[in-house]
Amino acid sequence: MESPEACSSGEASPVAAAERPSEAAALRALIDRVRAGEVDAAREVRRLTRASARHRRKLAPAVEPLVAMLRAGAPDAGEAALLALLNLAVRDERNKTKIVDAGALEPLLGYLQSSDLNLQEYATAALLTLSASSTNKPIISASGAIPLLVQVLKEGNPQAKNDAVMALYNLSTITDNLQAILAVQPIPPLIELLKGGKRSSKTADKCCALLESLLAFDQCRVALTSEEGGVLTIVEVLEEGSLQGREHAVGALLTMCESDRSKYRDLILNEGAIPGLLELTVHGTPKSRMKAHVLLDLLRNTPYSRSRLQPDTLENIVTNIASQIDGEDRGGKAKKMLAEMVKVSMEQSLRHLQRRASFA
């Protein structure tokens, strides 16, 4: 049977007409209980808004009293209010801005510094959700959240670290924030997070996206190349990541090489990037294919050792892959061609595998 709220047109059924005022009255009573500071009422708001966009709208008046509860500082009440606000903010842009406007940032930043790792985790998740709003981004940036998020990235529990890097990525879309992020030395924990996680995860995607932006600065390039296994870890995402992760990984390597080709191309080659780049020219996103072609063109000008392809041969193979693959078995033929190219690059691949093993 269709639920009353699913009816979009026509007269309301007698059952729906009877239920809606009752529900509205119950929600108003719940909001009044939150205003009175009842912890159980905050928990009920959290429960109702966990998976209901309709309840997020109807319970929006609870935002201000929940923020007041959050600011009061009592541990149980603060946790209940924080989790209720987090659910109210999910997929609701108006609630996101309303929460920030109500003064939630100050207590949230306090929870980011809490010795209670669960509270720190919840506060990080809340900032991640709030930072998805373009209206909130400059306010969060100005609040001093960036150094605290990097601290969570260094010392938080695994979930908090994942949420911190995603929040930092959200804030990094404001260009002026990139220097602020770099100032608190995020590269070691970013690389550590990449090393310890699945290369195709959303966290890896955001790590590489953030690194791609930060690598426009020499300070970041120096920090990355100084980090043991730093470039290698990006190459691994290039090989094993999701489509988006690989796009950002090749973008990060390209940014490095374009900034100072003579300084970085040998380093990128020595980490065995060629096989992954060649595969991207066939199987990557449109942006990945374009970036891979540009990077291969930059790398081909490096003097090759005796076992490597001649520059013109490499260029011709890469640029003509698409035109040489016809028919339904396009993917199978591409794989065979790539296997031959990878074989020619065996010296690089072997060095790459040996270095990877040394960092395992």
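Residues numbered from 1 in each chain as written. Predicted model: local features only at pLDDT ≥ 70, side-chain atom pairs only at ≥ 80, totals over all residues. Heavy atoms only, no water.

**As for the overall build of the protein chain**
- Along its length, the protein chain carries 23 helices and 0 strands.
- Looking at the protein chain as a whole, 48% of its 360 residues qualify as buried.
- Sequence separation of at least 24 residues holds for 70% of the intrachain contacts in the protein chain that already meet a minimum separation of 6.
- Summing over all exposed atoms, the protein chain offers an accessible surface of approximately 17,100 Å²; the carbon and sulfur share of this is 51%. (Helix = DSSP H or I, 4+ residues; strand = E, 2+ residues; numbered from the N terminus. Buried < 20%, exposed > 50% of the residue type's maximum accessible area, 1.4 Å probe, protein only. Contact = heavy atoms within 4.5 Å. Areas by Shrake-Rupley, 256 points an atom, 1.4 Å probe, with all protein chains shown as cover.)

**Points about helix α17 (residues 243–259)**
- The terminal C-alpha atoms of α17, which comprises 17 residues, lie 24 Å apart, in line with the 24 Å expected from a rise of 1.5 Å per residue.
- Turning to α17, its buried residues are Gly245, Arg246, Glu247, His248, Ala249, Val250, Gly251, Ala252, Leu253, Leu254, Met256 and Cys257.
- Packed against the buried residues of α17 are α14 (202–214), α15 (218–226), α16 (230–240), α18 (261–270), α19 (273–283) and α20 (286–299). (Expected span 1.5 Å × (residues − 1).)

**What to know about the nonpolar core**
- Counting 96 residues, the largest nonpolar core has Leu66, Leu108, Leu149, Leu190, Leu214 and Leu277 as its most contacted members.
- In terms of residues, this core owes the most to one element, helix α5 (residues 75–89), which gives 9 residues. (Core = buried A, V, L, I, M, F, W, Y, C linked by side-chain atoms within 4.5 Å.)

**Focus on unusual backbone geometry**
- The phi angle at Arg91 is positive, at roughly 55°, despite the residue not being glycine.
- Relative to the elements of secondary structure, Arg91 occurs in the loop between α5 and α6 (93–101).
- For Arg91, a relative accessible area of 73% corresponds to the exposed category.
- With phi around 55°, Gln185 is a residue other than glycine that occupies positive phi space.
- In this fold, Gln185 is placed in the loop between α12 (177–182) and α13 (187–196).
- Residue class for Gln185 comes out exposed when judged on its relative accessible area of 56%.

**Some words on the packing of α5 against α6**
- With their axes 7 Å apart at the nearest point, α5 and α6 run at an angle of 140° to one another. Relative to α6, the element α5 lies oblique. In contact with Leu85, Leu88 and Ala89 of α5, α6 contributes Asn95, Lys96 and Ile99.
- The residue inventory of the contact of α5 with α6, partitioned by class, reads 4 nonpolar, 1 polar and 1 charged. (Axes fitted to C-alpha atoms, helices over the stretch in contact; angles between N-to-C directions. Parallel < 35°, antiparallel > 145°, perpendicular 65-115°, else oblique. Nonpolar A, V, L, I, M, F, W, Y, C, P; charged D, E, K, R; others polar.)

**Quick word on the pattern of salt bridges**
- This model, assessed by the stated rule, comprises 13 salt bridges.
- Across the salt bridge formed by Arg54 and Glu23, the nearest N and O atoms sit 2.9 Å from each other. Linking Arg54 in helix α3 (residues 53–58) with Glu23 in helix α1 (residues 14–35), this pair joins segments that are 31 residues apart in sequence.
- In this structure, the salt-bridge partner of Glu93 is Lys96, at a minimum N-O distance of 3.4 Å. With Glu93 and Lys96 both in helix α6 and 3 residues apart, the pair spans about one turn of that helix.
- The exposure class assigned to Glu93 is partly exposed, which follows from its relative accessible area of 46%.
- Judged by relative accessible area, which is 4%, Lys96 ranks as buried. (Salt bridge = Lys/Arg side-chain N within 4 Å of Asp/Glu carboxyl O.)

**Points about the UniProt feature "repeat: ARM" (unreviewed entry) in the protein chain**
- Per the UniProt entry, the sites bearing "repeat: ARM" (unreviewed entry) are residues 103–145 and 144–182 in this numbering.
- With 82% helix and 0% strand, residues 144–182 has its two end C-alpha atoms placed 14 Å apart. (UniProt positions renumbered as here; feature names shortened; annotations may be inferred.)

**Quick word on empty space enclosed by the protein**
- Counted under the stated rule, the structure contains 2 cavities of 30 Å³ or more.
- The element that contributes the greatest number of residues to the lining of the largest cavity is α5, accounting for 4 residues.
- Residue composition of the lining of the largest cavity, grouped by class: 10 nonpolar, 1 polar and no charged. (1 Å grid on protein atoms, 1.4 Å probe; cavity = no way out; pocket = protein on both sides within 12 Å on 5 of 7 lines; lining within 4 Å. Points joined across faces, edges and corners; volume = space filled by probe spheres on them.)

**A closer look at the layout of surface pockets**
- Volume-wise, the largest pocket comes out at about 190 Å³.
- Along the walls of the largest pocket sit 15 residues, with Glu192, Leu193, Leu194, Gly196 and Gly197 positioned nearest its centre.
- Contributions of two or more residues to the lining of the largest pocket are made by α10 (145–155), α11 (158–172), α13 and α14.
- No other element matches α13, which puts 5 residues into the lining of the largest pocket.
- Of the residues contributing to the lining of the largest pocket, the split by class is 6 nonpolar, 5 polar and 4 charged.

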